[in-house]
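# Coordinate analysis (summary)
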Amino acid sequence: MIPRGARNPYHQISTIKVLITGRVQGVWFRGWTVENARALDLDGWVQNRRDGTVQAVFSGPPDTVNEMLRRCEEGPPLAQVTEVKSQPHTHTVDRGFRVRRSR
């Protein structure tokens with residue numbers, strides 16, 4: 001039996017790094033991302049970048065990661081997302097989802 005909140009080692013995990021462009025800073029994008037990622041039980045992080053974009057890493061079952069990508073294309077109500085780029089991410093991702101310090 002797998003403890004509640006633990007990942008099933010037999011399920012496939014997808015991990016991607018995402019770059020979100022548009023009006024995505026100062027519109028509560030990071031907080032919205034944390035809420036959505038936690039609701040989907042994804043692992044990873046989100047951060048603002050100096051160039052005005054938002055970067056995130058999402059890790060979890062492929063269908064759930066794809067759902068988070070779909071949500072990022074819309075973003076929170078005040079955001080105006082113009083582009084969402086994703087690529088595979090091969091680094092280890094800590095359990096849980098959090099905001100990382102801006103860089």
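Report on the accompanying structure.

Attention now goes to the overall build of the protein. Tallying secondary structure elements over the protein gives two helices and five strands in all. Listed by position from the N terminus, the elements making up the protein come as β-α-β-β-α-β-β. Dimensions of the protein, computed from C-alpha atoms along their principal axes, come out at roughly 45 × 25 × 20 Å. Counting over 103 residues, the protein shows a buried share of 38%.

On to helix α1 (residues 29-39), then. When α1 is considered as a whole, its buried residues turn out to be Phe29, Trp32, Thr33, Val34, Asn36 and Ala37. Contact partners of the buried residues in α1: β1 (14-23), β2 (43-48), β3 (54-60), α2 (62-74), β4 (80-88) and β5 (97-99). Of the residues flanking the end of α1, it is aspartate 41, one or two places downstream, whose phi is positive at about 60°.

The buried fraction of β2 amounts to six of the six residues, a majority that puts the element mostly inside the structure. Side chains Asp43, Trp45 and Gln47 project from β2 onto one buried face, and the interleaved Gly44, Val46 and Asn48 project onto a second face that is buried too. Of the pairings in the sheet, the one linking β2 to β3 comprises six bridges and is antiparallel in character. Bridged to glycine 44 within β3 is phenylalanine 58.

Among the nonpolar cores identified, the biggest contains 21 residues, and Ile20, Phe29, Leu42, Phe58 and Met68 are the most heavily contacted of them. Sorting the residues of this core by element identifies β1, α1, β3 and α2 as the ones contributing at least two each. Apart from the residues lying within four places of it in its own chain, the contact partners of methionine 68 are Trp32, Thr33, Asn36, Ala37, Leu40, Leu42 and Phe58.

The five strands are arranged β4-β1-β3-β2-β5 in an open sheet whose pairing can be described as mixed. The sheet is open, and its two borders are formed by β4 and β5, each paired with just one other strand. On average, each strand axis in the sheet is tilted by 15° relative to the strand beside it, whichever way the strands run. As judged from the three bridges shared by β2 and β5, these two strands associate in the parallel manner. Among the inter-strand pairings, tryptophan 45 is bridged to a residue of β5, identified as arginine 98. Where α1 meets the sheet, its contacts fall on β1, β2, β3, β4 and β5, and the angle it forms with β5 comes to roughly 175°. In the packing of α2 onto the sheet, contacts are made with β1, β3 and β4, and the angle to β4 comes to roughly 155°.

Definitions and limits used
- Residues numbered from 1 in each chain as written.
- Predicted model: local features only at pLDDT ≥ 70, side-chain atom pairs only at ≥ 80, totals over all residues.
- Heavy atoms only, no water.
- Helix = DSSP H or I, 4+ residues; strand = E, 2+ residues; numbered from the N terminus.
- Buried < 20%, exposed > 50% of the residue type's maximum accessible area, 1.4 Å probe, protein only.
- Contact = heavy atoms within 4.5 Å.
- Pairing = 2+ DSSP bridges.
- Core = buried A, V, L, I, M, F, W, Y, C linked by side-chain atoms within 4.5 Å.
- Axes fitted to C-alpha atoms, helices over the stretch in contact; angles between N-to-C directions.

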